[in-house]
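Chain by chain, the residues:
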Amino acid sequence: MNDDSPNATLRYYGISPWEMEVIYGLLNSKFRVTQEETEQYDSDFVSALIIILPIQFSEEFFKWFGFRAWDKIKSILKEMKRRRGKGNAITIEIAFTGEPNVRFITNLKEPHIFNSAIEKIDFMIELLPYHLNENDIPKNLSEVVYKFNPDIGKWQLNILITEDKKFICTEKGWKIIT
């Protein structure tokens, strides 16, 4: 890492110093890392981790960051869930800043489904262009939010944000919520 490295951010609560040290070490090889321990903002979860990566979600990211390093990130996230057990123990959000920002949020109760969600994040690279090219999505997107659907075992678009509106996915299409 050097002074020109992009700045990644870690926001968290209820995460052990060991867990944070491992994540910090993995990210610090490519980013300047800012850590911010927050107050518990969701009483449903014992732990929360938000990783903000200042880079476009793309195949180039994974090549640059390294697939081996990304696998280590996934392993520590799955280990964090394992250590906390079943239930609403941990919520994890991984955000990639770019055009548009892409966020993945998982807060699943079952460890094996949580693990599946974490494993499938990098596969979304292939689907993202198709999701963003659909005719029925709003134009001028600034952010897309994916949530893992345990019923079908896939990441699905959940929220779309444009410059001045927020949309949520419903069975009938996109509904404005703000």
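See the structure above.
A brief report on the enclosed structure follows. (Residues numbered from 1 in each chain as written. Predicted model: local features only at pLDDT ≥ 70, side-chain atom pairs only at ≥ 80, totals over all residues. Heavy atoms only, no water.)

**Focus on the pattern of salt bridges**
Part 1 of the argument: Here the structure, examined in full by the defined rule, presents 12 salt bridges.
Part 2 of the argument: A salt bridge links Glu 19 to Arg 83, with the shortest nitrogen-to-oxygen separation between them at 3.7 Å. Taken as a pair, Glu 19 in helix H1 (residues 17-28) and Arg 83 in helix H3 (residues 67-84) lie far apart in primary sequence, 64 residues in all.
Part 3 of the argument: On the accessibility criterion, Glu 19 (1% relative accessible area) is buried.
Part 4 of the argument: Measuring nitrogen to oxygen at the nearest pair gives 2.8 Å for the salt bridge that ties Arg 84 to Glu 19. Taken as a pair, Arg 84 in helix H3 and Glu 19 in helix H1 lie far apart in primary sequence, 65 residues in all. (Salt bridge = Lys/Arg side-chain N within 4 Å of Asp/Glu carboxyl O. Helix = DSSP H or I, 4+ residues; strand = E, 2+ residues; numbered from the N terminus. Buried < 20%, exposed > 50% of the residue type's maximum accessible area, 1.4 Å probe, protein only.)

**Things to note about the side chain of Arg 103**
Part 1 of the argument: Looking at the secondary structure, you find Arg 103 in strand E5 (residues 101-106).
Part 2 of the argument: Residue Arg 103 is classed as buried on the basis of its relative accessible area of 18%.
Part 3 of the argument: A polar side-chain atom of Arg 103 sits 2.9 Å from a polar atom in the side chain of Glu 93.
Part 4 of the argument: Once you skip the residues sitting within four places of it in the chain, Arg 103 turns out to touch Glu 93, Ile 94, Ala 95, Glu 143, Val 144, Val 145 and Tyr 146. (Polar contact = N/O pair within 3.5 Å; in protein donor to acceptor, adjacent residues only side chain to side chain. Contact = heavy atoms within 4.5 Å.)

**Some details on the packing of aromatic side chains**
Part 1 of the argument: Tallied over the entire structure, the rule returns 18 aromatic pairs.
Part 2 of the argument: Their ring planes at 80 degrees and their centres at 5.1 Å tell us that Phe 62 and Trp 70 sit as a pair that is edge-to-face.
Part 3 of the argument: The exposure class of Phe 62 is buried, given its relative accessible area of 1%.
Part 4 of the argument: Take Trp 70: its relative accessible area is 2%, and that puts it in the buried class.
Part 5 of the argument: In this structure, Lys 30 is placed above the aromatic ring of Trp 64, and the distance from its NZ or CZ to the ring centre is 5.1 Å.
Part 6 of the argument: Taking NZ or CZ as reference, Lys 81 lies 5.9 Å from the ring centre of Phe 114, over its face. (Phe/Tyr/Trp six-rings, centres within 6.5 Å; stacked < 30°, edge-to-face > 60°. Lys NZ or Arg CZ within 6 Å of the ring centre and 35° of its normal.)

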